[in-house]
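The residues making up each chain are set out below.
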Amino acid sequence: MISFTTLILQFAEQGEKTGWSYIEIPADIAQQLKADNKKSFRVKGMLDGLAVSGLALMPMGGGNFIMALKAEIRKGLHKNAGAMLQVSIEEDKEYKVDIPNDLQECFDFEPEALVFFNSLAKSHREYFIKWIDGAKTNETRARRVINTVNAMLRRLSYNQMLQAMRKEG
């Protein structure tokens, strides 16, 4: 477990990250967490007194990483940009993605889709599942499950699936 104190920051203009609250994980700390790694990975631990798990550290260049702090985490901390934060984290090696029942039922009928889905990085599988779980109606959810299974059969990543849907729709 690595412990340090840092400042909660917020992106101004940063493309898709505009407005995100986050903390920086300097290269030396990132190396202690997961040596010789330059890709996103998951961590668990404590942010002040709040237990967290499965949070992504995303590379920002030069060996530095960031951890985005979603609104629910900031509310739990009662802190926003500009506040100091006590961080104690380690790599979350138990992090796994649970497949929703409706998606699993479709995979049962299309086992080759499940094989490709499971070949994706955990974080990439989670993109699909969060997208499915974010549906506000049953019809939208069903459509997203179908689109996900079709994308797996076509061996498409999440972004490739979204691009294909835009072209087809």
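Residues numbered from 1 in each chain as written. Predicted model: local features only at pLDDT ≥ 70, side-chain atom pairs only at ≥ 80, totals over all residues. Heavy atoms only, no water.

1. Observations concerning the overall build of the chain
Test applied: Strands here are runs of E lasting at least two residues and helices are runs of H or I lasting at least four, both read from the DSSP assignment and numbered beginning at the N terminus. Relative accessibility decides the category of a residue: with a 1.4 Å probe and only protein chains considered, values under 20% of the type maximum give buried, values over 50% give exposed, and everything between is partly exposed. Any pair of residues with heavy atoms lying within 4.5 Å of one another is described as a contacting pair. Here the accessible surface of atoms and residues is derived via Shrake-Rupley with a 1.4 Å probe, and residues count as covered only by protein chains that are part of the display. Neither His nor the chain ends is counted toward charge; the positive residues are Lys and Arg and the negative residues Asp and Glu. Every charge is mapped to an atom, namely NZ of Lys, CZ of Arg, CG of Asp or CD of Glu.
Of regular secondary structure, the chain possesses seven helices and seven strands. When the helices and strands of the chain are read in sequence order from the N terminus, they spell out β-β-β-α-β-β-β-α-β-α-α-α-α-α. Seen along its three principal axes, the alpha-carbon backbone of the chain occupies a region of about 50 × 30 × 30 Å. Looking at the chain residue by residue over its 169 residues, the buried ones come to 39%. Contacts spanning at least 24 positions in sequence make up 61% of the contacts within the chain whose residues lie at least 6 apart. Summed over all atoms, the accessible surface of the chain reaches about 10100 Å², with 50% contributed by carbon and sulfur. Between the averaged position of the 23 positive side-chain charges in the chain and that of its 21 negative side-chain charges there is a distance of 3 Å.

2. Some words on the pairing of strand 1 (residues 2–7)
Basically, it comes down to this: Strand pairing is assigned whenever DSSP detects at least two bridges linking the two strands.
Along strand 1, the buried face is formed by Ile2, Phe4 and Thr6; none of Ser3, Thr5 and Leu7, which line the opposite face, is buried. In this sheet, strand 7 (residues 84–91) lies alongside strand 1 in antiparallel orientation, the contact comprising six bridges. Within the sheet, the bridge partner assigned to Phe4 lies in strand 7 and is Val87.

3. Describing the pattern of salt bridges
Rules: In what follows, salt bridge is the name for a side-chain nitrogen of Lys or Arg lying within 4 Å of a carboxyl oxygen of Asp or Glu.
This structure, assessed with the given rule, holds eight salt bridges. For the salt bridge of Arg42 with Glu126, the shortest nitrogen-to-oxygen distance reads 2.8 Å. Here Glu126 lies in helix 5 (residues 122–133) and Arg42 lies in strand 4 (residues 41–47), a separation of 84 residues in the sequence. Taking relative accessible area as the criterion, Arg42 reaches 14% and is therefore assigned buried. Given a relative accessible area of 14%, Glu126 falls into the buried group. Salt-bridge contacts for Glu126 lead to Lys130; the nearest nitrogen and oxygen are separated by 3.6 Å. With Glu126 and Lys130 both in helix 5 and four residues apart, this pair spans about one turn of that helix. A relative accessible area of 51% places Lys130 in the exposed class. Each of Arg42, Glu126 and Lys130 takes part in salt bridges that share partners, so that together they form one network.

4. Side note on the sheet that holds strand 4
Strand order in this open sheet of seven strands is 1-7-4-5-6-3-2, and the pairing throughout is antiparallel. In this open sheet, the two strands that pair with only one neighbour each are strand 1 and strand 2 (9–10). Here strand 4 pairs with strand 5 (residues 50–61) via six bridges, running antiparallel. Considered in strand 5, the bridge of Arg42 is made with Ala56.

5. Notes on the packing of helix 4 (residues 111–119) against helix 6 (residues 138–153)
Quick note on the threshold: All axes are obtained by fitting lines to C-alpha atoms, using only the stretch in contact for helices, and the reported angles, taken between N-to-C directions, cover 0 to 180 degrees. Between 65 and 115 degrees an angle is taken as roughly perpendicular, under 35 as roughly parallel, over 145 as roughly antiparallel, and anywhere else as oblique. Side-chain classes follow a simple rule in which Ala, Val, Leu, Ile, Met, Phe, Trp, Tyr, Cys and Pro form the nonpolar group, Asp, Glu, Lys and Arg form the charged group, and the remainder, Gly included, forms the polar group.
Close contact between helix 4 and helix 6 brings their axes to 8 Å; oriented N to C, the two are set at 80°. The pairing of helix 4 with helix 6 is recorded here as roughly perpendicular in orientation. Residue-level inspection shows Glu112, Ala113, Phe116 and Phe117 of helix 4 in contact with helix 6, the latter providing Val149, Met152 and Leu153. Here the contact of helix 4 with helix 6 is composed, by residue class, of six nonpolar, no polar and one charged.

6. Let's talk about the environment of Phe107
Along the polypeptide, Phe107 turns up in helix 3 (residues 101–109). Measuring from C-alpha to C-alpha, the distance between Phe107 and Met152 comes to 9.5 Å, with 45 residues separating the pair along the chain. Sequence-distant contacts of Phe107, that is, excluding residues within four places in its chain, are made with Ile99, Ala113, Leu114, Phe117, Val149 and Met152.

7. Some thoughts on the environment of Pro111
When you line up the elements, Pro111 lands in helix 4. The partly exposed category is assigned to Pro111, whose relative accessible area is 46%. Pro111 sits 38 residues away from Val149 along the chain, and the two C-alpha atoms are 9.9 Å apart.

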